Amino acid sequence: MSAYTARIGAAVAAGCAIALLYPATPAGAAGSVHLSKIYYDSPGPDNRSTSSLNGEYVQIKNSTSRGASLKGWVLVDASNHKYTFPSYTLGAGKTVTVRTGIGSDTSATKYQDRRAYVWNNDADKATLRKTGGSTVDTCSYNSSRVDYKLC
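As recorded in an unreviewed UniProt entry, the chain goes by the name Secreted protein, listed as coming from Streptomyces violaceusniger.

This is the structure:
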């Protein structure tokens, strides 16, 4: 065995020994709050009806093991249409749907209460930001051949 091979073997052994000093990450500790789907081209004609406007939506998923306060978080498109979350906690493992049109908010669905479309039918970018303005996640699409984008 060459001296070089011996040094490599010693380095690998040292790395393994150091790794044993740190505990494994507990199951369920990883995760994030992130954009999961944009349904940007609602079914049927774009006639600004409540059902058509609410057919356009963004889903945000909390894949962590704890609830996440979204109070003051902002969902914005490339044209700067903003939706700001009121006092709201997204439960662990839960998804919230943010619909463009008018409706009554629930724990699973929030409404932007708009009378016009937000998401372009061919290309746009969704950005989710924390209260202070830092970006949590983005999701872009550039296609008129499908109606939604999985982020």
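**Q** Honestly, the state of the cysteines in this entry has me stumped. Any pointers?
**A** Here, disulfide denotes a covalent bond that connects the sulfur atoms of two cysteines. Applying the stated criterion across every chain, the model contains one disulfide. Shown here is the disulfide that connects Cys139 with Cys151, its sulfur atoms set 2.1 Å apart. Note on the Cys139 and Cys151 pair: the S-S dihedral is about -90°, so by sign convention the disulfide is left-handed. With Cys139 in strand β10 (residues 135-142) and Cys151 in the segment after β11 (148-150), this residue pair connects regions lying 12 residues apart in the sequence. Judged by relative accessible area, which is 6%, Cys139 ranks as buried. With relative accessibility at 39%, the residue Cys151 sits in the partly exposed group.

**Q** What am I meant to see in the packing of aromatic side chains here?
**A** What characterises a pair of aromatic rings is the spacing of the ring centres plus the angle enclosed by the ring planes. Throughout the structure, instances matching the rule amount to five aromatic pairs. Ring centres 5.8 Å apart and planes at 25° place the aromatic pair Tyr39 and Tyr148 in the stacked group. Pair noted here: Tyr39 is in strand β1 (residues 33-39) and Tyr148 is in strand β11, with a separation of 109 residues, a long-range link. Residue class for Tyr39 comes out buried when judged on its relative accessible area of 16%. Accessibility expressed as a relative area gives 40% for Tyr148, which makes it partly exposed.

**Q** Explain the pairing of β10 here, please?
**A** Looking down a regular strand, the side chains alternate between one sheet face and the other. With seven bridges joining them, strand β9 (residues 123-129) and β10 adopt antiparallel strand pairing. Residue pairing in the sheet places Thr127 in a bridge with Thr138 of β10. The antiparallel pairing of β9 with β10 creates a hairpin that spans five residues between the two strands, and Gly133 there sits at a positive phi of about 105°.

**Q** Would you explain unusual backbone geometry in this entry?
**A** Where the residue is not glycine, phi is negative for most of them; where a peptide bond is considered, it is trans in most cases. Unusually for a residue other than glycine, Asn80 sits at a positive phi of about 70°. For Asn80, the location among the structural elements is in the loop between β4 (74-76) and β5 (82-84). Not every positive phi belongs to a glycine, and Asp113 is a case in point at roughly 60°. Secondary-structure assignment places Asp113 in the loop between β8 (109-111) and β9.

**Q** I would appreciate a short explanation of the side chain of Thr100 in the present structure.
**A** Position of Thr100 among the secondary structure elements: in the loop between β7 (95-99) and β8. Side chain to side chain, Thr100 and Glu56 meet in a polar contact 2.8 Å long. Discounting residues that sit within four places of it in the chain, Thr100 has contacts with Leu53, Asn54, Glu56, Gln112, Asp113, Arg114, Ala116, Tyr117, Val118 and Trp119.

**Q** Where do I start with the sheet that holds β7 in this structure?
**A** Backbone hydrogen bonds hold the strands of a sheet together, and the pairing may be parallel or antiparallel. Strand order in this open sheet of five strands is β8-β7-β2-β1-β11, and the pairing throughout is mixed. Here the strands that pair on one side only, and so sit at the sheet edges, are β8 and β11. When the angles between neighbouring strand axes are averaged without regard to direction, this sheet yields 25°. Where β7 lies against β8, three bridges are found, and the strand directions are parallel. Looking at β8, one finds that Arg99 is bridged to Tyr111.

Definitions and limits used
- Residues numbered from 1 in each chain as written.
- Predicted model: local features only at pLDDT ≥ 70, side-chain atom pairs only at ≥ 80, totals over all residues.
- Heavy atoms only, no water.
- Disulfide = S-S within 2.5 Å.
- Helix = DSSP H or I, 4+ residues; strand = E, 2+ residues; numbered from the N terminus.
- Buried < 20%, exposed > 50% of the residue type's maximum accessible area, 1.4 Å probe, protein only.
- Phe/Tyr/Trp six-rings, centres within 6.5 Å; stacked < 30°, edge-to-face > 60°.
- Pairing = 2+ DSSP bridges.
- Polar contact = N/O pair within 3.5 Å; in protein donor to acceptor, adjacent residues only side chain to side chain.
- Contact = heavy atoms within 4.5 Å.
- Axes fitted to C-alpha atoms, helices over the stretch in contact; angles between N-to-C directions.

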